[in-house]
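Chain by chain, the residues run as shown.
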Amino acid sequence: MGSAAASRPDAQTVGSVAQQLAPESSTLTPLLKRREAAGLVRRTRNPVNERQVVIALTKEGDALRFRAGCLGDTFLEASGQTPAALAKLYGEINVLRNAVYRHIGGWAVSETPAEAD
């Protein structure tokens, strides 16, 4: 997972991660299964909503998150942008993505599909 999603609180739904990273949750499933096989995340069904899959970092995944923490600073420096400018750009990209998906009748953040395996 990217460093942005990895720095978020533990135990998130796949849909929540998809909202942060922009792909549909079904696109994340193979990636998350590989991370689970590598021992970096745990995937469990949400007991309140069985359609949701909750992912959480394992001890090994959490250790990797801290080792990769400097990537955000490296990216920020290489971009030549301020954190505020990048946050604004991220918001604009999300607006553009959602407009495209609305136009084609596809997935949008507000219409997160059920996280099926």
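Residues numbered from 1 in each chain as written. Predicted model: local features only at pLDDT ≥ 70, side-chain atom pairs only at ≥ 80, totals over all residues. Heavy atoms only, no water.

Asker: When you look at the overall build of the protein chain in this model, what are you seeing that I'm missing?
Answerer: Helices and strands together make up the secondary structure of the protein chain, namely 6 helices and 3 strands. Each helix and strand of the protein chain, ordered N terminal to C terminal, gives the series α-β-α-α-β-β-α-α-α. Counting only residues that meet the buried cut, the protein chain has 26% of its 117 residues in that class. Counted over contacts in the protein chain with a minimum sequence separation of 6, partners at least 24 positions apart contribute 45%. (Helix = DSSP H or I, 4+ residues; strand = E, 2+ residues; numbered from the N terminus. Buried < 20%, exposed > 50% of the residue type's maximum accessible area, 1.4 Å probe, protein only. Contact = heavy atoms within 4.5 Å.)

Asker: Before we go on, may I ask you to explain the side chain of threonine 58 in this structure?
Answerer: Relative to the helices and strands, threonine 58 resides in the loop between strand E3 (53–57) and helix H4 (59–67). A polar contact of 3.1 Å, which involves the side chain of threonine 58, links it to the backbone nitrogen of glycine 61. If we ignore the near neighbours within four places in the chain, the residues touching threonine 58 are Gly39, Leu40, Val41 and Arg42. (Polar contact = N/O pair within 3.5 Å; in protein donor to acceptor, adjacent residues only side chain to side chain.)

Asker: Help me understand the pattern of salt bridges, please; the structure alone is not making it clear to me.
Answerer: When charged atoms on two side chains of opposite charge get close, those side chains can pair. A full pass over the atoms with the stated rule returns 2 salt bridges. We note a salt bridge from glutamate 36 to arginine 43, for which the minimum N-O separation is 2.9 Å. The shortest N-O distance in the salt bridge between lysine 88 and glutamate 92 comes to 3.6 Å. With lysine 88 and glutamate 92 both in helix H6 (residues 83–104) and 4 residues apart, the pair spans about one turn of that helix. Taking the relative accessible area as the measure of exposure, glutamate 92 reaches 44% and is therefore partly exposed. (Salt bridge = Lys/Arg side-chain N within 4 Å of Asp/Glu carboxyl O.)

Asker: Before we go on, may I ask you to explain H6 in this structure?
Answerer: Side chains three or four residues apart in an α-helix point the same way, a direct result of the helix having 3.6 residues per turn. Its 22 residues give H6 an end-to-end C-alpha distance of 32 Å, which sits within 8% of 32 Å, the value for a rise of 1.5 Å per residue. Inspection of H6 places Leu86, Asn94, Arg97 and Asn98 among the buried residues, and these make up the whole buried set. With its buried residues spanning 115 degrees around the axis, H6 presents them on a single face. In H6, the exposed positions angled more than 90 degrees off the buried face are occupied by Ala84, Lys88, Val95, Leu96, Arg102 and His103. (Expected span 1.5 Å × (residues − 1). Arc of directions from axis to C-beta.)

Asker: Which parts of the structure should I look at to understand the sheet that holds strand E2 (residues 41–45)?
Answerer: Two strands in a sheet stick together by hydrogen bonds in their backbones, pointing the same way (parallel) or opposite ways (antiparallel). Strand order across the open sheet formed by 3 strands is E1-E3-E2, with antiparallel pairing between neighbours. Both outer strands of the open sheet, strand E1 (12–13) and E2, are each paired with one neighbouring strand and no more. With 2 bridges joining them, E1 and E3 adopt antiparallel strand pairing. In the strand pairing of E3, glutamine 12 is matched with isoleucine 55. (Pairing = 2+ DSSP bridges.)

Spatial relationships are all this shows, so hold off on functional conclusions.
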